[in-house]
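Residue-level listing of the chains:
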Amino acid sequence: MTKNEIAERLEEIAVLLELKGENPFKIRAYGAGARVLESLETDEFEQLVADEKLDSIKGVGTALAQKIGELHATGELEFLTELRASIAPGLVEMLEVPGLGAKKIKAIHDKLGVDTIAGLAEACADGRVADLAGFGAKSQEKIAEGIRNREAYGKRHLWWLANEVAQPIVSGLRARPEVERAEAAGSLRRGMETVGDLDFIVGSSDPAPVMTWFCELPEVKEITARGETKSSVRFESGLQADLRIVPPAQFVFALHHFTGSKDHNVAMRQRALERGKSLSEWGLVPAKGDGTAKEKAERGESVEVADEAGLFGELGMSFVPPALREGLGEIEAAEAGELPSLVALSDLKGAFHNHTTSSDGRNTLAEMVAAAEQRGWAYLGIADHSKASFQANGLDETRLRKQIAEIRELNGSGRFKTHVFAGSEVDILTDGALDFSDELMAELDYVVASVHNALTQSEADMTKRIIRAVENPHVTMLGHPTGRLLLRREASKADLSKIIDAAIANDTIIELNASPWRLDLDWRWWRKAADRGLICAINPDAHECDGLDHVAAGINSARKGWLQPHHILNTRSLKDVRTCFARKSSV
DNA sequence: GCCGTTTTCGGCCCGACTGTTTTCAGTCG
């Protein structure tokens, strides 16, 4: 069993133990074990298993090492099998209902004998839930509502769409006279590919009118909590938003706290404690002394900081950009002054994977180039679909040659300042062969090779198929390597480690497809891959002019992957990109 | 279940809000 599959099993154990009412710290240990496994490189993990050194991993002790070892060797774990058998799957599902946690689910199960969502809905309908100790009419109605809207409430939201909702709210908050500072925090600020809910942090000494303004936004469908300093609302789409208002002096601490991630915060707090201080959303206060952190902060015992850089500085660290705050080594790097200078949107000088009306785009070649010029890009790559993608009106050899000629003519005309590269998004056929001949591909400036069919091949077949394409000397870059569509379609099964190795060995670039629905290759792979020499191309996969702006989503992911400008092809000058393409095509 | 420059036991991050309670447990982030 692979390391990520093992991590999933540990996560499952954590959930099941929670429903059993186990010691919360034991539960946390399983969850922490799962996360630490996910962060390990596969080779590293396999070595540790071979050496029987699993317990040398921080967060993995004797018990977890034994269980991980058993899962790795046999793919099964008796402990888990028994645990599963002892808990009805319906109880696990109930965790998705807002307001229901392990304790309440246990009470419902123990006292009412209910072990399915349907059974719970019935128990709400006939009033049995309200009669339970610790429950009442309101809890019952909330649970019933949660079951009815389970699908919409449980759903995550694409970063891009959530950001479109969030930005006007941030602007609206900042425009209010009572508001000194306002930011969107949470996973949105960290640039995660999907977002569970929105978190707004406001610094103000007069919170009441701000709270009212927020709760009365026209798009609010329901107010799920309303207090003096915190309110939660739900929008029509099911997206939930929280507003927290703190005194201006505490704004930076609250912003940092609610930006997260949880792992990052835990590490930051531990670091503060090592220095005799306690960090919370209220401030950075001495760990010793009377009262809670909040009380100390209110007595003025917190250090004062003007911004987050000041907060990190107090803990002897350089500023950690929100994108890196995932608890994946950023604390250590910041302490050592070894944080990367992350790539920024302004570093991009163009992009390579874009479509026109020749295949399935909505704008013509000239319109797309004009849009690139408007954005100040030095170059734009056109890579329309190849003939195998007939559903996308892919170009055959004749139409492609005609397009190449058009592009050469456009470049020669001097009509646009933006240079156009003639490329193609060539289908990787089922067996790994390419949809165009080597001769035709040699006529292009570059080739993006992508998989568009037979996405459900076995891992072995898909890996072999993609590697064969990556090894073709005419393939400049691999497009959307896993084919995933966020929240809609799972990634294809493939051994990405092997594919990355093959790309590095063959001087082939891998795309970070910046379409907000794809963000593929996922940011979690990039840090180590780039360290080993993999070059990235951030490509919007634009199907219309405005689609070029999706590079911003790609930049978010690239930053999360610790990428710097020199890791990314499209930060290079026109001249350098030409050199890179020429080297590849002269092979 | 994990961890240790207070090391083999006793901690483990912490606060807001809700609902059901009369002082707090549960959920959430």
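Residues numbered from 1 in each chain as written. Chains lettered and ligands numbered in written order. Predicted model: local features only at pLDDT ≥ 70, side-chain atom pairs only at ≥ 80, totals over all residues. Heavy atoms only, no water.

Digging into the overall build of chain A
Operational definition: Helix and strand assignments come from DSSP, with helices taken as H or I runs of at least 4 residues and strands as E runs of at least 2, each series counted from the N terminus. We compute the radius of gyration from the C-alpha atoms alone; for a globule the expected value is 2.2 Å times N to the 0.38, where N is the number of residues. Between buried and exposed lies partly exposed: a residue is buried under 20% and exposed over 50% of the maximum accessible area for its type, with that area taken using a 1.4 Å probe on protein chains only. When checking whether two residues touch, look at their non-hydrogen atoms; a contact exists if any pair is within 4.5 Å. Accessible areas in this description were obtained via Shrake-Rupley with a 1.4 Å probe; residue shielding takes into account the shown protein chains only. A positive count includes Lys and Arg, and a negative count includes Asp and Glu. His and the chain ends are not counted in either. The location of each charge is read from NZ of Lys, CZ of Arg, CG of Asp or CD of Glu.
Of the regular secondary structure elements, chain A holds 26 helices and 16 strands. For chain A, the C-alpha radius of gyration of 27 Å lies close to 25 Å, the compact-globule estimate for 587 residues. Residues classed as buried in chain A amount to 51% of the 587 residues present. In chain A, once contacts between residues fewer than 6 apart in sequence are set aside, the share between residues at least 24 apart is 66%. Accessible area of chain A: about 26400 Å², with a carbon and sulfur share of 50%. Here chain A contributes 71 positively and 91 negatively charged side chains, and the mean placements of these two sets differ by 2 Å.

A closer look at the sheet that holds strand β2 (residues 179–184)
Basically, it comes down to this: Between any two strands, at least two bridges found by DSSP are needed for them to pair. Helix axes are fitted only over the stretch in contact, all axes being lines through C-alpha atoms; the angle between N-to-C directions runs from 0 to 180 degrees.
Strand order in this open sheet of five strands is β2-β4-β7-β6-β5, and the pairing throughout is mixed. At either end of the open sheet lies a strand with only one pairing partner, and these are β2 and β5 (220–226). Each neighbouring strand pair of the sheet contributes to a mean axis angle of 20°, computed without reference to strand direction. In this structure, strand β4 (residues 197–204) lies alongside strand β7 (residues 240–246), joined through seven bridges in parallel fashion. Residue pairing in the sheet places Ile-201 in a bridge with Arg-244 of β7. Strand contacts of helix α14 (residues 251–259): β2, β4 and β7, with the helix running at about 170° to β4, the strand carrying the most contacts.

Looking at the pairing of strand β11 (residues 379–385)
The element β11 is largely enclosed, with a buried count of seven among its seven residues. Note: strand β10 (residues 350–351) against β11, two bridges, orientation parallel. The residue of β11 that forms the bridge with Gly-350 is Tyr-379. The sheet contact formed by β11 and strand β12 (residues 419–427) spans seven bridges and is parallel.

With respect to the pattern of salt bridges
Put simply, the rule reads: Within this document, salt bridges are pairs made up of a side-chain nitrogen of Lys or Arg and a carboxyl oxygen of Asp or Glu, the two lying within 4 Å of each other.
Applying the stated criterion to the full structure yields 35 salt bridges. Between Arg-148 and Glu-145 there is a salt bridge, with its nearest N and O atoms 3.1 Å apart. With Arg-148 and Glu-145 both in helix α9 (residues 137–148) and three residues apart, this pair spans about one turn of that helix. You can call Arg-148 exposed: its relative accessible area is 55%. Looking at Glu-145, the relative accessible area reads 23%, which means it is partly exposed. Linked by salt bridges that have partners in common, Glu-193, Arg-484, Asp-522 and Arg-524 make up one network.

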